[in-house]
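# Commentary on secondary and tertiary structure
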Amino acid sequence: MSSESPCSSPPPHPDIAHLVALLGTWRGRGRGDYPTIDDFEYLEEVTIGHVGKPFLSYAQKTRDAHTDLPLHAESGYFRPVGVGEVELVVAQPSGIVELHTGAVTAGQELRLELATLHVHTTPTAKSVTEVTRSITIAGDTMHYEVAMAAVGQPLQHHLTATLQRITD
Ligand code: HEM
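Throughout this description, residue numbers start from 1 for each chain and increase along the sequence as written. Only residues with pLDDT of at least 70 are given local features in this predicted model, and only at 80 or more are side-chain atom pairs given and counted; all residues enter the totals for whole chains, interfaces and linings. Values reported for side chains reflect all heavy atoms of the structure, with hydrogen atoms and water molecules removed beforehand.

To continue, consider the overall build of the protein. Note on conventions: DSSP H or I runs of at least 4 residues are helices, E runs of at least 2 residues are strands, and numbering of each starts at the N terminus. Summing up its helical and strand segments, the protein has zero helices and 10 strands in all. Along its sequence from the N terminus, the protein presents helices and strands in the succession β-β-β-β-β-β-β-β-β-β. Compactness check: the protein gives a C-alpha radius of gyration of 17 Å against a globular reference of 15 Å for 168 residues, within 12% of the reference. Along the three orthogonal principal directions, the C-alpha set of the protein runs to about 55 × 40 × 35 Å. Out of the 168 residues in the protein, the part that is buried amounts to 37%. The contact definition used throughout considers only heavy atoms, calling two residues in contact when any of these lie within 4.5 Å. Considering only contacts in the protein between residues 6 or more positions apart, those separated by 24 or more positions represent 41%. With C-alpha atoms as the basis for the radius of gyration, the globule rule is written as 2.2 Å multiplied by the number of residues raised to the power 0.38. To sort residues, take the accessible area from a 1.4 Å probe on protein chains only and compare it with the maximum for the residue type: under 20% means buried, over 50% means exposed, and anything in between is partly exposed.

For the rest of this paragraph, the subject is the site of the ligand. Around the ligand sit 21 residues, and of these Thr36, Phe40, Glu98, Lys126 and His158 come closest. One nitrogen or oxygen atom from the side chain of Thr36 is found 2.5 Å from an oxygen atom belonging to the ligand. A 3.5 Å cut-off defines polar contacts: any pair of N or O atoms within that distance qualifies, except that in protein one atom must be a possible hydrogen donor and the other a possible acceptor, and neighbouring residues in sequence count only when both atoms are side-chain atoms. Measuring from an oxygen atom of the ligand, one finds a side-chain N or O atom of Lys126 at 2.6 Å. At the level of elements, β2 (37-49), β3 (56-64), β4 (70-81), β8 (128-138), β9 (141-150) and β10 (156-167) are the ones that each hand at least two residues to the shell around the ligand. Note that Gly is not counted as nonpolar here; it falls among the polar residues with everything else outside the nonpolar set of Ala, Val, Leu, Ile, Met, Phe, Trp, Tyr, Cys and Pro and the charged set of Asp, Glu, Lys and Arg. In the shell around the ligand, the residues fall into 11 nonpolar, six polar and four charged. One heavy atom within 4 Å of a molecule or strand makes the whole residue count as near it.

Burial of nonpolar side chains together is a common tendency in soluble globular proteins. Ranked by internal contacts, the top residues of the largest apolar core, which has 34 residues, are Leu22, Ile48, Phe78, Leu112, Ile135 and Tyr144. Looking at this core element by element, the count peaks at five residues for β9. We call a set of buried Ala, Val, Leu, Ile, Met, Phe, Trp, Tyr and Cys residues a nonpolar core when their side-chain atoms join them within 4.5 Å.

This brings us to the sheet that holds strand β6 (residues 96-106). Only strands joined by at least two bridges in the DSSP assignment are considered to pair. Read around the closed barrel, 10 strands run β1-β2-β3-β4-β5-β6-β7-β8-β9-β10, paired in antiparallel fashion. Strand-to-strand twist across the sheet, computed as the mean angle between neighbouring axes with direction ignored, equals 20°. Summarising the sheet, strand β5 (residues 85-91) and β6 pair through seven bridges and their orientation is antiparallel. Counted as the bridge partner of Val89 is Leu99 from β6. Structural elements are reduced to axes, namely lines fitted to C-alpha atoms, with helices fitted over the stretch in contact, and the angle between N-to-C directions of any two is expressed from 0 to 180 degrees.

Attention shifts here to the packing of aromatic side chains. A pair of Phe, Tyr and Trp rings is counted when the ring centres sit within 6.5 Å of each other, with Trp represented by its six-membered ring. The angle between the planes then sorts it: under 30 degrees is stacked, over 60 is edge-to-face, the rest tilted. What the rule picks out here adds up to three aromatic pairs. With a centroid separation of 5.4 Å and 90° between ring planes, the pair formed by Phe55 and Tyr77 is classed as edge-to-face. Of the two residues, Phe55 sits in the loop between β2 and β3 while Tyr77 sits in strand β4, which places them 22 residues apart along the sequence. Taking the relative accessible area as the measure of exposure, Tyr77 reaches 41% and is therefore partly exposed. Judged by centre distance (5.7 Å) and plane angle (70°), the ring pair of Tyr58 and Phe78 falls under edge-to-face. Residue Tyr58 is found in strand β3, and its partner Phe78 is found in strand β4; the two are separated by 20 residues along the sequence. With relative accessibility at 10%, the residue Tyr58 sits in the buried group. For Phe78, a relative accessible area of 2% puts it in the buried group.

Geometric values such as these leave the question of function open.
And the structure:
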């Protein structure tokens, strides 16, 4: 029987080489708003990993910064298309699935500018028709902004957060 662990970490697939700055576990704090809801503050943990294949796994969970109760969570995959483009699929327990495409700019900072091709919602989910996500990595700091068109409102800001990488 092989002694090799099924959990041993392979090298990143060459197709994700320009995205390795995303890898790691990140923790930080964010703020959210929307015209139809009260403003809120949250604590967040994001984990972005790889298994040696040409995609990155993505998962996040959040808690209310004041009550510590669980808030939003989501998970999905970043799928590079060459070095300048990326696709993102994300599913939320609130019944929303986002299918994004976007541009990748790699320089001193890594920047992803994503917009949905499609948003699908289950019959009981709230209505969401468009989402944009902007993610910037500079060293061990991640900053992101999320905007959405939802519940009859035009595309506008929902989230801003800044996180620090706590493990590679
Ligand atoms: C860090 C991630 C997120 C956090 C912490 C968060 C938090 C919240 C909170 C606290 C509310 C108000 C209470 C509630 O309806 O549950 C809310 C509402 C909502 N959020 Fe988010 N959210 C996040 C991400 C998203 C994303 C990515 C989407 C859509 C793609 C989204 C769509 C909505 C919608 C549709 C509502 C309902 C608005 C309404 O009822 O008027 N949220 N969110």
